[in-house]
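Here is how the chains run, residue by residue.
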Amino acid sequence: MGPAGALPRSVYRRRAGPGRPRSPRRAGAAQHDRRCRGDAPLCERSCTGGRGHRAVPRAGGDGDTAEGTRAAPRDEAAGNGITTSGDGFLLLPAWKGTITLQAHWNLPKTFSASSSFGDGDFTATRDIADILDAFYVAGRLRRFPGPDGAQGFNAAGLGQTDIDLQALFRWSAQEYDIVRQAFGGAKGHSFRAFYRSYDGGRPDSGRANGDGILLYLMPRHTEADAMFDKKALMAHEIVHVWQPRMAEEDGEDTLWFTEGSANYYAATLPFEHGLMTAAEYATLINQYGMEYYGNALRNIRNADIPNKMWSAPDAWTIPYDRGALYFADLDARVRSHSGGKTTLLDLFKAFAALRKAGKPYGPKAWRALVEAEAGPEAASAFDAMLAGGTILPAPGAFGPCVQGRALRIGVFDLNYRKKKGTNVIETVLPGSNAEKAGLQVGDVLAGNADLEPAFTDLDRVVAIPIQRNGVNMMIRYVPRHGSVEAMRWEPVNTPECKARSAPNGAQ
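Residues numbered from 1 in each chain as written. Predicted model: local features only at pLDDT ≥ 70, side-chain atom pairs only at ≥ 80, totals over all residues. Heavy atoms only, no water.

**Points about the packing of aromatic side chains**
Counted only if it meets this: Any Phe, Tyr or Trp ring, taking Trp's six-membered ring, that has another such ring centre within 6.5 Å forms a pair; planes under 30 degrees apart are called stacked, those over 60 apart edge-to-face, and the others tilted. In DSSP terms, a helix is any run of H or I states spanning at least four residues, a strand is any run of E spanning at least two, and both are numbered starting from the N terminus. Each residue is assigned to one of three classes by its accessible area relative to the maximum for its type, calculated with a 1.4 Å probe on protein chains only: buried under 20%, partly exposed between the two thresholds, exposed over 50%.
Going through the model one piece at a time under the given rule, you end up with 35 aromatic pairs. With centroids separated by 5.8 Å and ring planes inclined at 80°, the aromatic side chains of Y265 and F348 adopt a geometry described as edge-to-face. With a gap of 83 residues between them, Y265 in helix α4 (residues 255–272) and F348 in helix α8 (residues 344–356) connect regions that are remote in the sequence. Grouping residues by exposure puts Y265 and F348 together as buried. Ring centres of F351 and W366 lie 5.4 Å apart, and the angle between their planes is 90°; on these two criteria the pair is classed as edge-to-face. With F351 in helix α8 and W366 in helix α9 (residues 363–374), this residue pair connects regions lying 15 residues apart in the sequence. In this structure, F351 and W366 share a single accessibility class: buried.

So this is what it looks like as structure tokens:
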């Protein structure tokens, strides 16, 4: 995702893993419409022979039926097909509960279709929310069968990208099985990874549900470690499939849990099972750390995150990285308190069991579990995390094969402020790198700048396009100021740790 030093991210969406109930969402049909019929074109004029698709949902329980179709727009960057979730594709009545969906694809000879429910035509009896959240792709698909055939991990998608998809999905199939076993998932669960390429600019991203993953991949990548970034992105999304949830409807106030644990296990599980080298492991951890410690909002209260999530270019990253460092610290505390008999994964399984048993769950239940398994100091550390305290993980965080050390770093800051509602520079921080580079009050921002690599790379120079007196120009500088405490992790070169670095980890 972007130049070297960038951190793979998922697009934040509400997700659900196997068996997770969600609030049903209203589809496009009016509530009083009980029947609608017809085909919709899959392709436009440049795609000959496309006739459309038809989906027939049947409500469980009362015998009501509805037939309807809706086609997503043709997407040239994604191979002139469609890639969508059900809520952008199916026209269904505003029903709740379980329905049976019978899907028939009417496609040109060179086209095929796949979905979270299988290849081609299918019948699925599921909660309507699951059907709307599922993924559907159709077009000239590229397919990447998994090692277990129809069951287990399979991948397919549209469009071209310079990433070696065969290698990526082969690695992902191994990672999927590792995560499934770590969280106690049943073997044979059918799982599908989909991708689409797009020319919409950076970054690569993804989303997950209980049946699969959808990746958004740029056609071209310039960074040297593009494959490593995509593996980390896949690992992050795979964790979302199996992790427990913090609330009935996870929102921005619970991202420290959902996204933080996904970041944490996207690093630790691949390394522990030989799918990531020690150098890659340390790199990924330090991306979390540099992005967190160098964020001007790192001390924001968790309760204030929903109002500040998009207030700065890097504000949205806080719960991801704060959560990852919190879980690394908690794992070290749990292991120390139990003499190595209990790990963070045991807490996750116990927390998931609360919900399964119909018992209260949420932040209070999590705190009680933490105090029981790691002691009152760990419970106080949880309170401090929610209050916005700086997290400096305990010794042993991230395991014995990396060692943390203290340092001071600059805070990410563009060094200027705009006039509200305009692109006109209103103030430039005196003595800042931006002022030294020549940025002036009254300059007009004249385009997009690639900022995300600078969130994690302390020395990254950004290029800010501006217009001054009708002349376009670039202002280049390192967007940092000040000095704050931070931590960086380095690999430990013991024989045991060297043995855990697989030779195929960097492929």
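So that's the structure; there's more coming.
**A word on helix α7 (residues 318–338)**
Every α-helical turn comprises 3.6 residues, leaving residues that sit three or four positions apart pointing alike. Put simply, the rule reads: Each residue after the first adds 1.5 Å to the expected span of a helix.
Compared with an ideal rise of 1.5 Å per residue, which puts 21 residues at 30 Å, α7 spans 30 Å between its outermost C-alpha atoms and is within 8% of the ideal. Burial analysis of α7 places 17 of its 21 residues in the buried class, the great majority of the element.

**Here's the deal with the pairing of strand β12 (residues 212–217)**
Condition: Only strands joined by at least two bridges in the DSSP assignment are considered to pair.
Among the six residues that make up β12, six are buried, leaving the element largely enclosed by the rest of the structure. Because side chains alternate across β12, one face comprises the buried residues G212, L214 and Y216, and the other comprises I213, L215 and L217, equally buried. As judged from the six bridges shared by strand β10 (residues 191–197) and β12, these two strands associate in the parallel manner. When the sheet's bridge partners are listed, S197 is paired in β12 with L217. Pairing geometry for strand β11 (residues 205–209) and β12, over five bridges, is antiparallel.

**Digging into the layout of surface pockets**
Applied cut-off: Here a cavity means grid points, on a 1 Å grid over the protein atoms only, where a 1.4 Å probe fits yet cannot get out; a pocket means an open set of points with protein on both sides within 12 Å along at least five of seven lines; lining residues are those with an atom within 4 Å of a point. Grid points are joined across faces, edges and corners, and a volume is the space filled by probe spheres set on the points. Classes in brief: Ala, Val, Leu, Ile, Met, Phe, Trp, Tyr, Cys and Pro nonpolar; Asp, Glu, Lys and Arg charged; the others, Gly included, polar.
Counted as a void, the largest pocket has a volume near 700 Å³. Forming the boundary of the largest pocket are 28 residues, of which A312, P313, L414, Y416 and L451 lie nearest the centre. Elements supplying a minimum of two residues to the lining of the largest pocket: β14 (416–418) and β17 (462–468). Taken together, the residues that form the lining of the largest pocket break down as 16 nonpolar, five polar and seven charged.

**A few points about the sheet that holds β17**
Strand order in the open sheet made by the three strands is β16-β17-β18, with antiparallel pairing throughout. Only two strands of the sheet have a single partner each, and these edge strands are β16 (444–445) and β18 (471–477).

**Some points on the side chain of R322**
Note the following rule: Should any heavy atoms of two residues lie within 4.5 Å, those residues are considered in contact.
Note on placement: R322 falls in helix α7. Those residues in contact with R322 that lie beyond four places of it in its chain are Y292, L297, R298, N299, I300, R301, N302, I305, M385, G388 and I391.

**Examining the state of the cysteines**
What counts here: Any pair of cysteine sulfurs within 2.5 Å is marked as a disulfide.
A full pass over the atoms with the stated rule returns one disulfide. Each sulfur in the disulfide pair C401 and C497 lies 2.1 Å from the other. Since a negative S-S torsion denotes a left-handed disulfide, the C401-C497 link at about -90° is left-handed. Here C497 lies in helix α13 (residues 495–499) and C401 lies in the loop between α10 (376–387) and β13 (402–412), a separation of 96 residues in the sequence. Classification of C401 as buried rests on a relative accessible area of 1%. On the accessibility criterion, C497 (3% relative accessible area) is buried.

**Concerning the packing of α4 against α7**
Axes are the key here: two packed helices are described by the angle between their axes and the distance separating the axes. So the rule is basically this: For helices, the axis comes from a line fit to the C-alpha atoms of the stretch in contact; other axes are also lines fit to C-alpha atoms, and the angle between any two N-to-C directions lies between 0 and 180 degrees. For classification, angles of less than 35 degrees are called roughly parallel, those exceeding 145 degrees roughly antiparallel, those between 65 and 115 degrees roughly perpendicular, and all remaining angles oblique. It is the rotation of the near helix from the far one that decides the hand of a crossing: anticlockwise by less than a right angle makes it left-handed, clockwise makes it right-handed.
The geometry of α4 relative to α7 is characterised by a closest axis approach of 7 Å and an angle of 70° between their N-to-C directions. Looking at the two axes, α4 sits roughly perpendicular to α7. For α4 against α7, the interelement crossing comes out right-handed. Side by side, α4 and α7 meet where L255, W256, F257, E259, G260, S261, N263 and Y264 of the first sit next to P319, Y320, D321, G323, A324, Y326, F327, A328 and D331 of the second. Looking at the contact of α4 with α7, its residues break down into ten nonpolar, four polar and three charged.

**Considerations on the pattern of salt bridges**
Rules: Throughout this description, the term salt bridge denotes a Lys or Arg side-chain nitrogen within 4 Å of a carboxyl oxygen of Asp or Glu.
The tally for this structure, following the rule as stated, stands at 15 salt bridges. Where D329 meets R333, a salt bridge forms, and the shortest distance between an N and an O atom there is 2.7 Å. Pair noted here: D329 and R333 are both in helix α7, with a separation of four residues, about one helical turn. A relative accessible area of 6% means that D329 is categorised as buried. Given a relative accessible area of 25%, R333 falls into the partly exposed group. When the shortest N-O distance is used, the salt bridge between R468 and D443 registers 2.7 Å.

**Observations concerning the confidence of the model for the protein chain**
We apply this condition: Confidence scores labelled pLDDT are given residue by residue by the predictor and lie between 0 and 100.
Mean pLDDT over the protein chain stands at 82; residues scoring 70 or higher make up 81%. Mean pLDDT across the elements of the protein chain ranges from a minimum in strand β1 (residues 52–59), with 39, to a maximum in α10, with 98. For residues 1–73, every residue scores under 50 in pLDDT, and the model assigns this stretch 240 contacts once sequence neighbours within four places are set aside.

**Observations concerning the side chain of S338**
The test is simple: Polar contact criterion, stated in full: a pair of N or O atoms within 3.5 Å, where within protein one must be able to donate a hydrogen and the other to accept it, and residues adjacent in sequence count only if both atoms are side-chain atoms.
By secondary structure assignment, the location of S338 is in helix α7. For S338, the side chain forms a polar contact with the main-chain nitrogen of K341, separated by 3.2 Å.

**So, the nonpolar core**
Keep this limit in mind: Think of a nonpolar core as a cluster: buried Ala, Val, Leu, Ile, Met, Phe, Trp, Tyr and Cys residues, connected wherever their side-chain atoms sit within 4.5 Å.
By size, the foremost hydrophobic cluster in this structure holds 112 residues, and its most contacted members are F183, Y326, F327, L330, W366 and F398. Sort the elements by how many residues they give to this core and helix α3 (residues 226–242) lands first, with eleven residues.

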